[in-house]
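# Coordinate analysis (summary)
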Amino acid sequence: MTASVLTLALLSATALAVQAASIGVNFSENDGNQSWLTSTTPVGPTAIQSGFFNTTNNPTGAAGLPVRTGSLAAGSLLGLVDSTGAVTSTSVAWSSPNAWYNASGTGSDEARLSVGYLDDGGAGASITFSSIPFALYDVYILLGSDAGDTHTSEIPRVNGANVLAADFPAFGNLIGSGGGWIEADGTNRGNYVVARGISGASVNISGQNSTSNRIGISGIVINQVPEPSAALLGLGALVGLIVRRRR
Ligand SMILES: [Ca+2]
Ligand SMILES: [Ca+2]
């Protein structure tokens, strides 16, 4: 097998890798003015189409998304829809002092994702996903605050571990970020934080009461880390065999 043929084979195999799915949940502040405007707008940092983005402002079962039990501040959604539109067995339960809103407005689906959030209240919100169907995933924590276009956010925790080392520069709304989603990494100011390489059927995301700063959580995306397909694994074994034979 020549190098070019090997390269072609690997490129073909890469194309066969399993497409990753994700599960998004929007924490809303208002049942009346924050439902999705359309069903097809890509929203959030991983561009899930709005009709497949679960939202807590759904007490009536509209648009095929799961119906909320409880309140906007503390409740649950069962049978979350994933980014392909499939109903999963995944559920989410959340509790917070209250749901609140920032200055993003409600003029677009992206704004409706940003505007409402679970407020900190000192102790912070707590959100638990159960029966996650992915072996490995990244947790995107979308941020919102009424502290202004920019502010310093407290650190989110995932399974009790701080995601960043210290309180960090954040955007409170989409005006601050220029309308988009930008990862906050502790140095660069942003409006979401990512905890990477998480495994386990359940995951907890929480705020905390460690500093005078606060963290508001506008939404969460559980994003599957793609696994190599069986075809790719088979090709890898074949290439390994060929390489060994040529020696
Ligand atoms: Ca706090
Ligand atoms: Ca939200």
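Shown above is the structure to which this text applies.
Read on for a plain summary of the structure. (Residues numbered from 1 in each chain as written. Chains lettered and ligands numbered in written order. Predicted model: local features only at pLDDT ≥ 70, side-chain atom pairs only at ≥ 80, totals over all residues. Heavy atoms only, no water.)

### As for the coordination of the calcium ion (ligand 2)
Distances from the calcium ion (ligand 2) to its protein donors, Asn26 (OD1), Phe27 (O), Leu113 (O), Gly116 (O) and Ser218 (O), fall at 2.3 to 2.4 Å. Within one chain, the residues donating to the calcium ion (ligand 2) are spaced in sequence as N-F-x85-L-x2-G-x101-S. Given a relative accessible area of 0%, phenylalanine 27 falls into the buried group. (Donors = N, O, S within 2.8 Å, 3.2 Å for Na, K, Ca; no water. Buried < 20%, exposed > 50% of the residue type's maximum accessible area, 1.4 Å probe, protein only.)

### Digging into the coordination of the calcium ion (ligand 1)
Those protein atoms acting as donors to the calcium ion (ligand 1) are Asp120 (OD), Asp120 (OD), Gly122 (O), Glu154 (OE) and Gln208 (O), and they sit at 2.2 to 2.5 Å. Of note, the donors binding the calcium ion (ligand 1) are all from one chain and are spaced D-x1-G-x31-E-x53-Q. Here the residue aspartate 120 occupies a position in the loop between β9 (116–118) and β10 (126–130), and glutamine 208 occupies one in the loop between β17 (203–206) and β18 (217–224), the gap between them amounting to 88 residues. Note on accessibility: aspartate 120 and glutamine 208 belong to one class, buried. (Helix = DSSP H or I, 4+ residues; strand = E, 2+ residues; numbered from the N terminus.)

### A short note on the sheet that holds β17
Here we have seven strands laid out as an open sheet, ordered β5-β6-β7-β10-β17-β13-β14, and antiparallel in their pairing. The outermost strands of the open sheet, each flanked by one partner alone, are β5 (69–70) and β14 (161–162). Pairing of β10 with β17 involves four bridges; the strand directions are antiparallel. In the strand pairing of β17, phenylalanine 129 is matched with valine 203. (Pairing = 2+ DSSP bridges.)

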